[in-house]
Amino acid sequence: MMAKQKTQSLKVIIAVILVCIFLITFSGIFLFMNFKEEQFVGAINEDIDMSQSVLIISIDAFRHDYFECAEAPNLKGMSDQIHIQKLIPPFPSKTFVSHYSQITGLYPAWSGIVANTMYDSEQNLTFSIGSSSSQESFWWWGEPFWISNQREGHLSGTVFWVASEVGIYGRNESPTYPTYYLSYDRDVTYKARIDQFFDWLDLPEAIRPNFYTLYFESVDDMGHMYGPCSKEVTEAIEDVDNWIGYLIRGLEARGLWKAPNGLNVIVDSDHGMTKTSKDKVIIIDDYIQIETSLIHCAHMEHLHLYPSLKDDFRYNDLDCQKRNSQLFHDDSRQNKKRFQKNLNQNSPSQDYEAQVVNFSPVTQIIPAEGKEEQVYQKLVNASQNWTVYKKEDVPSKYHYSWEGNSRIKPIIIVLDLGWSISDRAYYEKYPDNFNGGNHGYANDHDDMAGFFVASGPAFVQENNSIEKLENLEIYQILQKIVGLKNPAPNNGTMKNVESLFQ
Ligand SMILES: [Zn+2]
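If you look the protein up in an unreviewed UniProt entry, it shows as Ectonucleotide pyrophosphatase/phosphodiesterase from Anaeramoeba flamelloides.

Structure (structure tokens):
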């Protein structure tokens, strides 16, 4: 009896497993068919002329030589028309800094975004990726391309780009957003992002944008976690390339790919990536006494990369945004006054020599009042693996010492390629967070260079390969394609990009 029951139960289990296998297989085939079908949605419409329209796609941290470590047939195919082998990021080579330079044509000292984590003396506010404070207009100087475009009566549609969800003035009287935009959400699938772009592309001409953006972050995520050209990075590149293929097939189905009336498509990256290791970390409090009560604010970039840290690392976005000014001496007169006033009421909680704004390959240091020279002297020869500058001595090739920008602090530390910086407490608790990869180093290292490929009727048709270009020239390239008549003042030079065009 017991044996019979067991046999029956076994049969039921086997039957359930078989049904599950059938359902999984069937739904897989169904999804595949669905996928195939959707590739060819959209009808060829020869009346549409998109030859003065452009889509720019950013693949975060796609290093210039990543074609050598992954199969990427769709991107390689685009490089047959236009290929800038090394797209040089601004200094420092960080995501927010670089994307905003590209889209405004400005060096960071003039774009306002000088780091991914920064402290504004005048407003007494801290900027960090993803914080609500970063949505304030005052951080964002210059004029993003979508505003320049809309000022001339055109429309823009952005599926993610740094600053696209912030109201920015540019030359306008009030904060301006892209005509259509999505707020950044990394959980939106790549397919949904591309389909959103197609929805805008399929709008009637009167309400259809001439300027579009897309953004993919997985190559950067894997590069930070596992290092450049790791198996995970290779898989991420191949996945993104598949989605570029999906995009191309959708454009082909609409008659807008490699056609005289087709859409111009640019794919580029904001910076490269280099290998890092926990054996190459400089501990700054071995050399100077740092202010520690808000030190977690300086680790914001790591908190962003490793969200689980928020559980056990003291994390309070709000107290980072609105700092207690009594703790900080700063280089603005207004802040000095506030500092002195608070000092009289309530002495700082500890005696320190400097405050670290951000732990990054380019690190900003605010010396305590009266200790500027002391801090500089202690740091300048402390390590063989960094270069320490007073702000006014940063080499002119980095365009980073403009005195009008108080977000660039009095002392700048520039780490050698592959090195990291930390305070001892954080390093001892999370040493493994320094393994993998990073970017943000000086922009003249080859490993920090990104890439640029493009296809479309606006560009020269024969193979055109250029060795290198600074990425703030992207503003000129976009301007040229859409025929902007009145561009915003910027640091670019049209002559540098003319050879790309017919
Ligand atoms: Zn990036």
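Let us keep going from here.
Asker: Would you explain the nonpolar core in this entry?
Answerer: One broad trend across soluble globular proteins is that nonpolar side chains are buried collectively. Counting residues in each nonpolar core, the largest one holds 122 residues, and the members touching the most others are Leu55, Val219, Val267, Ala354 and Leu478. Among the elements that make up this core, the one with the highest residue count is helix α8 (residues 231–253) (eight residues). Residue-level mapping places this core at the junction of two domains, with at least three residues from each of domain 1 (54–274 + 444–500) and domain 2 (278–434). Look past the residues within four positions of valine 267 in its chain and what remains in contact with it is Ile57, Ile59, Leu75, Met78, Ile244 and Val453.

Asker: Teacher, can you tell me more about the confidence of the model for the protein here?
Answerer: Caution is warranted with low-pLDDT regions, since their predicted coordinates should not be read in detail. Confidence along the protein averages 87 in pLDDT terms, with 83% of residues attaining 70 or more. Across residues 24–41, confidence stays below pLDDT 50; counting only partners more than four residues off in sequence or on other chains, it has six contacts. Counting contacts from residues 324–349, a segment whose pLDDT is below 50, to residues more than four positions away or on other chains yields 35 contacts.

Asker: It is not clear to me how the sheet that holds strand β17 (residues 450–455) should be interpreted in this structure. Could you clarify?
Answerer: In sheet architecture, strand pairing relies on hydrogen bonds along the backbone and comes in two forms, parallel and antiparallel. The mixed open sheet is built from eight strands, whose spatial order is β6-β5-β7-β1-β8-β17-β2-β18. For this open sheet the edge positions go to β6 (180–181) and β18 (464–470), each flanked by a neighbour on one side alone. As judged from the four bridges shared by strand β5 (residues 156–159) and strand β7 (residues 211–216), these two strands associate in the parallel manner. If you follow valine 159 over to β7, its bridge partner there is leucine 214. Packed on one face of the sheet, helix α6 (residues 190–201) meets β1 (54–59), β5, β6 and β7 and runs near 175° to β7.

Asker: What should I look at first to understand the packing of helix α7 (residues 218–226) against α8 in this one?
Answerer: What describes two packed helices is the angle between their axes and the distance between those same axes. With their axes 8 Å apart at the nearest point, α7 and α8 run at an angle of 175° to one another. By the angle between their axes, α7 is roughly antiparallel relative to α8. Mapping the contact onto sequence places Ser218, Val219, Met222, Gly223, Met225 and Tyr226 in α7 and Glu232, Val233, Ala236, Ile237, Asp239 and Val240 in α8. When grouped by side-chain class, the residues that make up the contact of α7 with α8 number eight nonpolar, two polar and two charged.

Asker: I keep staring at the packing of α6 against α8 and nothing clicks. Help me out?
Answerer: Viewed as axis vectors pointing N to C, α6 and α8 meet at an angle of 25°, and their least axial separation amounts to 10 Å. As judged from the angle between their axes, α6 and α8 are roughly parallel. Once α6 is placed against α8, the crossing between them reads as right-handed. For the pair α6 and α8, contact is made by Tyr190, Ile194 and Phe198 and by Trp243, Tyr246, Leu247 and Gly250, respectively. When the residues that make up the contact of α6 with α8 are grouped by side-chain class, the tally is six nonpolar, one polar and no charged.

What counts as what
Residues numbered from 1 in each chain as written. Predicted model: local features only at pLDDT ≥ 70, side-chain atom pairs only at ≥ 80, totals over all residues. Core = buried A, V, L, I, M, F, W, Y, C linked by C-beta atoms within 7 Å. Buried ≥ 20, exposed ≤ 12 C-beta atoms within 10 Å, placed from the backbone. Helix = DSSP H or I, 4+ residues; strand = E, 2+ residues; numbered from the N terminus. Domains from an automatic or database assignment. Contact = placed C-beta atoms within 7 Å. pLDDT = per-residue confidence, 0-100. Pairing = 2+ DSSP bridges. Axes fitted to C-alpha atoms, helices over the stretch in contact; angles between N-to-C directions. Parallel < 35°, antiparallel > 145°, perpendicular 65-115°, else oblique. Nonpolar A, V, L, I, M, F, W, Y, C, P; charged D, E, K, R; others polar. Left-handed = near helix turned anticlockwise from the far one by under 90°.

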